[in-house]
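Letter by letter, the chains look like this.
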Amino acid sequence: MAVNRQKLKLLYLMRMLQEETDSEQGLTMTQILERLEEEGVTAERKSVYRDIEALREFGLDIRTYQRSPVEYALENRDFALPELLLLVDAVQSSRFLTQRKSDALVRSVKQLASVRQRALLDKRLHVEGRIKSQNESVFHNVDRIQEALARRRKITFLYFQYDAAKKKVLQHDGAFYTETPVQLIYADGFYYLVAYNEKHGALAHYRVDRMDKIEVTDQPACRNELVAGFDARDLESHAFGMYAGEPVSVELLVAAGAMGAVIDRFGRDVQSVPMDDGAARVRATVMKSPVFFGWLAQFGDRVRILKPQRLAREYAGYLQKIVSAYGPDPSGGEGTARPS
């Protein structure tokens, strides 16, 4: 059955104001009438004025700008342009998203903007040097894990790493893991699953983009003090790169120039005692791991472990092992890296 296009006039008017106008650019009455005519709708100015008032009454923030000629525009939207820019940047810089999924999400975000604003968003679509995920199943994996969390059920899954030839190698001898999902965490550009392993009685971390064939089982999730007491905020403040390790209370000697980076890592509430020379003694709890040692190494001698001494010795051994891998060239030339 043919639709009376005159009955669609109000909808056409609302769509053109949403798509073509914003606080910087509006439509004149002549332009509005021309666009309605392109849609097969004839209208008089008085009827359009009434429609604009009806849309205002409906809740749209349509402003009248006393320009030459007068323009009408949708002023406030669900998202302001700076907020849309942030959303686009967040999507494009997310490493867990594939390029295809990232582009699709950006297209969806752009539909929230006017045509003029979409052109501005296009200029923000490239993020220099960002390595994107190659795994298209991340969204599916997250969805299944969320389902298991909601239903309080265990999940089964395969887990893989990459070998030197960049091929997937299944862990656990290719057998399925069966574990209780505890919480999803987004860190360092990736999604991680914190899960409880009943066999070992401990929590483990898994990169979601390296999980495969996730299934929600009928087995009830394990409930105990370790699972119930898990606090993601506590983990994030101690862990480095979601690397599971032994929690250790440390005291660091931090030079003045490195204090900003230490605050970025531990927060402004970190315990700190200023020294006379501008340095500071900082106390924090960290997860002892190679990732923590790598974080320390970037500062050279500007951040040093004071306590505990055993951790300082382990860090020194970590550095010595790296140095030994770049042993002297027997020919007397520059050092050559040796595979371990």
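Coordinates for the structure precede this section.
Residues numbered from 1 in each chain as written. Predicted model: local features only at pLDDT ≥ 70, side-chain atom pairs only at ≥ 80, totals over all residues. Heavy atoms only, no water.

1. Section: the overall build of the protein chain
Regarding its fold elements, the protein chain presents 12 helices and 13 strands. Within the protein chain, residue pairs in contact and separated by at least 24 positions form 64% of the contacts whose partners lie at least 6 positions apart. When the accessible area of the protein chain is evaluated, it comes to approximately 20,600 Å², of which 50% is carbon and sulfur surface. (Helix = DSSP H or I, 4+ residues; strand = E, 2+ residues; numbered from the N terminus. Contact = heavy atoms within 4.5 Å. Areas by Shrake-Rupley, 256 points an atom, 1.4 Å probe, with all protein chains shown as cover.)

2. Here we look at the side chain of Gln-117
For Gln-117, the location among the structural elements is in helix H6 (residues 115–122). A residue is classified by how much of its surface remains accessible, and Gln-117, at 7% relative accessible area, is buried. In terms of polar contacts, Gln-117 uses its side chain to reach the backbone amide nitrogen of Ser-114, at 3.1 Å. Among residues more than four places away in sequence, those in contact with Gln-117 are Asp-22, Arg-77 and Leu-81. (Buried < 20%, exposed > 50% of the residue type's maximum accessible area, 1.4 Å probe, protein only. Polar contact = N/O pair within 3.5 Å; in protein donor to acceptor, adjacent residues only side chain to side chain.)

3. Some words on unusual backbone geometry
With an omega of 0°, the peptide bond between Ser-68 and Pro-69 qualifies as cis. Here Pro-69 is to be found in the loop between strand E2 (62–65) and strand E3 (71–74). Look at the link from Lys-307 to Pro-308: it is a cis peptide, with omega at -5°. Mapped onto the fold, Pro-308 is located in the loop between strand E13 (303–307) and helix H12 (309–325). Despite not being glycine, Arg-152 has its phi angle at roughly 55°, a positive value. With a phi angle near 55°, Lys-213 is a residue other than glycine that sits in the positive phi range.

4. Some thoughts on the pattern of salt bridges
Following the criterion strictly, the structure yields 16 salt bridges and no others. Among the ionic pairs, Glu-198 bridges to Lys-154, the shortest N-O distance being 2.7 Å. Taken together, the residues span a long stretch of sequence, with Glu-198 in the loop between strand E7 (190–197) and strand E8 (202–207) and Lys-154 in strand E4 (residues 153–162) at a distance of 44 residues. By relative accessible area, Glu-198 is classed as partly exposed at 48%. (Salt bridge = Lys/Arg side-chain N within 4 Å of Asp/Glu carboxyl O.)

5. Quick look at the packing of aromatic side chains
In the structure shown here, the tally under the stated rule is 14 aromatic pairs. Taken together, a centroid distance of 5.7 Å and an interplanar angle of 85° make the contact between Phe-266 and Trp-295 edge-to-face. One end of the pair, Phe-266, is in helix H10 (residues 259–266); the other, Trp-295, is in helix H11 (residues 290–297), and 29 residues separate them in sequence. On the basis of an interplanar angle of 45° and a centroid distance of 5.3 Å, the ring pair of Phe-293 and Tyr-315 is categorised as tilted. Residue Phe-293 is found in helix H11, and its partner Tyr-315 is found in helix H12; the two are separated by 22 residues along the sequence. Judged by its relative accessible area of 6%, Phe-293 is buried. You can call Tyr-315 buried: its relative accessible area is 10%. (Phe/Tyr/Trp six-rings, centres within 6.5 Å; stacked < 30°, edge-to-face > 60°.)

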